[in-house]
Structures are given as C-alpha cells and as structure tokens.
Amino acid sequence: MKLENLLFEAAKCDGKVVAVASAEDEAVIEAVAEAINRNLAHFILFGKKEIIETLLREKNVSKDHIQIVQARTKEQAAELAVRAVRQNEASVLMKGSVSTAMFLKAVLHKEYGLRTEKVLSHVAIFEVPEFQKFTIVTDAAINVEPNLQQKEQIVVNAVEIAQAIGVEEPKVAVIAAVEVVNPAMQATIDAASLTLMNKRGQIRNCIIDGPLALDNAISSVAAKCKGIENEVAGQADILLVPTIDVGNVLYKSLIYFAKAKVGAVIAGAKAPIVLTSRSDSPESKLYSLALAICSTNK
C-alpha cells in the first residue's frame, strides 16, 4: 500500500475545509499549495494577513480556494482556527508556525476547544520500503506514559484511523521488550490485559495480541523462530508502544534509518488534527493532510 493512494482518496472527499493556525510559514504554504493543486480541500488561513498574502504570491498560489483571516498573535490564530472547527466552518485543524504547546492549549480549551470524552492520541501511518502494507505506530507524540485505560482508548483511536484508510479489522501488536508477562515490567501486564479485553469483546473491530517484541510483531520469520503462532504475530497493522520514548525513537528510526514515508494525525478530538513539526518534509505534511481528510469520513 502506498501513501500516494491517500491523496486520491482524499480528493474524493468533496467540500472539506482545513483551518490552519498561524499560516505565515513557507513550508505550510507549500503544503497548502500542493493540496489545492491536488483538489484535496479548501483552506482558511489564520495569521498575519500581509505575510500570508506575500507568501502566496511568492509561491504563485491562487486564492480561489483560500480564505485569509487576520490574527494579531499566534495565540489568537490558534484560538480562531480551533473555533472554526468547533463551529463546523472547517472539518480539519492544522498546526502552522504556532508552538505545539500553544496549539494544544487551544485544542483543549474548556470553552471553545475540541476535546471529547476520548483520550487524544497521535496516529502515524508509515509506508516502509519492502513492506507490503502500512505500519501504524501509536502513540509517539501525545501520551507520555499511558496507563491501561488510556492505552485502551489509544487502540480505539488507531483502529478508527486504520478503518478510515481501508483496514477493516486491523491487527494490533502491543509492544514490549519481551513476549512473556513479567510482573516487573508493566508494559507486559498491560499488553496481556488488552489482549484479554479484546477476546472478551471489550475492545472491538480489531485483533489484539501482546506482549510482543517488535521483531515478532512485524516478522513472521522471527515469530516462527520463537514459536509464536497467532493472527497478529508477524502480521501487525498497528504497533501500540508502551511509552512516548519508545514511540518517538521508533517513529524517527523508521524515517531516518528505514527511509519510510509517513503521514500522521491526532485522533480522539471532535475533528482530525494535523500536528506537523518544522522538520517534517513537505511530502509528509501533504500525506498528513490527506490522512486527516480521509479520517473525517470514519
């Protein structure tokens, strides 16, 4: 499966509008321009109007599919963008040049924010060279050291995103350092609990197994060598990591060592959220936009 396919699927989702918080950023404008060229969405750009218009001219971007809304500060831009999504003026929220902390503060605001009863979590879709399907990693950016209840919701969020891109019953590997339950390792205890919860129907629409080490989750050869035989071992669609540290290292290892392509969203809010960083490539920003647009139909 290719992330390029998400661009075609997103283009089929007519009438989607993306609200960009603090859009006065060259890389953001480049992503917006490419998204418009591919007919992915319309955009509301919040920020310093004069700077945004200058960037649009420099990049030869038509304003036919763009509305610009003046914001005095980055904080105000984040608030206005979040409000636009909450009021159904936009269906996707995207972070621009505003800091992540300021952006999430607006997302989580009690009065106008996008929080629901769900846990917010980061879901990354990787296209890894020589792999025949997507590898989904969660959570590499939001939840630092989630407990069992939070991990349950992180799985649910990831399953919904997987289904939105066509994986009807994703296989979830709960990652730990070993494949056996060790009372001294909380990750293995949580993994066994999630597996049992899935078998009892408490977590639906997926197949969960764990604890599984990374090799046994993604390699059928490694799983066979260790005598692990089930529907998930060696066939995982979703890798649920135990902590943000593990997720962050895995995420960046796939990009820099494996040269994987990636698109990612924040799930669990009232609408999909694109939370990219300055180090993300324009291609990655575009894939993240496409993934968010596809996720609006989940």
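Residues numbered from 1 in each chain as written. Predicted model: local features only at pLDDT ≥ 70, side-chain atom pairs only at ≥ 80, totals over all residues. Heavy atoms only, no water.

The chain is annotated in an unreviewed UniProt entry as Phosphate butyryltransferase of Metabacillus rhizolycopersici. Recorded in UniProt for the chain, the comment headed Sequence similarities (unreviewed entry) runs: "Belongs to the phosphate acetyltransferase and butyryltransferase family." (UniProt positions renumbered as here; feature names shortened; annotations may be inferred.)

Participant: How should the pairing of strand E5 (residues 121–127) be read in this particular structure?
Facilitator: Looking along a regular strand, one sees side chains alternate from face to face of the sheet. Counting buried positions over the seven residues of E5 gives seven, a clear majority of the element. Sheet analysis places E5 next to strand E10 (residues 261–267), joined by seven bridges and oriented antiparallel. Residue pairing for E10: Ser121 is matched across the bridge by Ala267. In this structure, E5 lies alongside strand E6 (residues 135–138), joined through three bridges in antiparallel fashion. When the sheet's bridge partners are listed, Ile125 is paired in E6 with Ile136. (Buried < 20%, exposed > 50% of the residue type's maximum accessible area, 1.4 Å probe, protein only. Helix = DSSP H or I, 4+ residues; strand = E, 2+ residues; numbered from the N terminus. Pairing = 2+ DSSP bridges.)

Participant: Sorry if this is basic, but what is going on with the state of the cysteines here?
Facilitator: Covalent bonding between the sulfur atoms of two cysteines is what defines a disulfide. All told, the structure shown has zero disulfides when counted by the stated rule. Cysteine Cys294 shares no disulfide, and the gap to the nearest cysteine sulfur, in Cys13, comes to 5.1 Å. (Disulfide = S-S within 2.5 Å.)

Participant: Teacher, can you tell me more about the pattern of salt bridges here?
Facilitator: Counted according to the given criterion, the structure contains 15 salt bridges. Among the salt bridges present, the one from Lys151 reaches Asp190, with a minimum N-O distance of 2.9 Å. Residue Lys151 is located in helix H6 (residues 148–164), and its partner Asp190 is located in helix H7 (residues 186–199); the two are separated by 39 residues in the primary sequence. Of the residues examined, Lys151 reaches a relative accessible area of 4% and is grouped as buried. (Salt bridge = Lys/Arg side-chain N within 4 Å of Asp/Glu carboxyl O.)

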